[in-house]
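# Coordinate analysis (summary)
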Amino acid sequence: MTVTKVDIWVNNNSSKNNILAYASVVLDSELCIHDIKLIKRNDDSTFIAMPSKRLNQEEKFLDIVHPCNAEFRTYLHTEILNAYNEYVKSMQVETTGEK
């Protein structure tokens, strides 16, 4: 399975909740997954959180969709992080006029 498109929405309130961005990905130009979160850890590394829903009124969440193996999760994380970094870079160029 190949990621054929990634759309990024940067969270401007990331200082409050550590969510850097939300992503939508298209797989093989056939399936779209929305609301993947790119989250910054305390050590400045990142991870992705898949779309989930709250179970009843408990503090437990259930992933709606998720990778079936670590290899694909790593691939998906890398694709989303690359898209995020490109977006941030393009915003810096737009703001400063530097390339």
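Structural data are supplied above this passage.
In this text, all values refer to a predicted model and were calculated from it rather than measured experimentally. (Residues numbered from 1 in each chain as written. Predicted model: local features only at pLDDT ≥ 70, side-chain atom pairs only at ≥ 80, totals over all residues. Heavy atoms only, no water.)

For the rest of this paragraph, the subject is the overall build of the chain. Along the backbone of the chain there are 2 helices and 6 strands. Counted from the first residue to the last, the chain has its helices and strands arranged as β-α-β-β-β-β-β-α. Counting only C-alpha atoms and orienting by the principal axes, one finds that the chain spans roughly 50 × 35 × 20 Å. The 99 residues of the chain split such that 29% are buried. Look at the contacts in the chain between residues 6 or more apart in sequence, and 31% of them connect residues 24 or more apart. For the chain, the accessible surface area stands at approximately 7100 Å², while carbon and sulfur atoms represent 49% of it. Of the side-chain charges in the chain, 11 are positive and 14 negative, and the distance between the mean point of each set is 6 Å. (Helix = DSSP H or I, 4+ residues; strand = E, 2+ residues; numbered from the N terminus. Buried < 20%, exposed > 50% of the residue type's maximum accessible area, 1.4 Å probe, protein only. Contact = heavy atoms within 4.5 Å. Areas by Shrake-Rupley, 256 points an atom, 1.4 Å probe, with all protein chains shown as cover. Lys, Arg positive; Asp, Glu negative; His and termini not counted. Charge placed at Lys NZ, Arg CZ, Asp CG, Glu CD.)

Residues Val6, Ile8, Val25, Ile36, Ile48, Leu76 and Ile80 are the most contacted members of the largest nonpolar core, which totals 18 residues. Residue assignment for this core shows that the elements contributing at least two residues are strand 1 (3-10), strand 2 (19-27), strand 3 (31-40) and helix 2 (70-96). If we ignore the near neighbours within four places in the chain, the residues touching Ile8 are Ala21, Tyr22, Ala23, Ile80, Ala83 and Tyr84. (Core = buried A, V, L, I, M, F, W, Y, C linked by side-chain atoms within 4.5 Å.)

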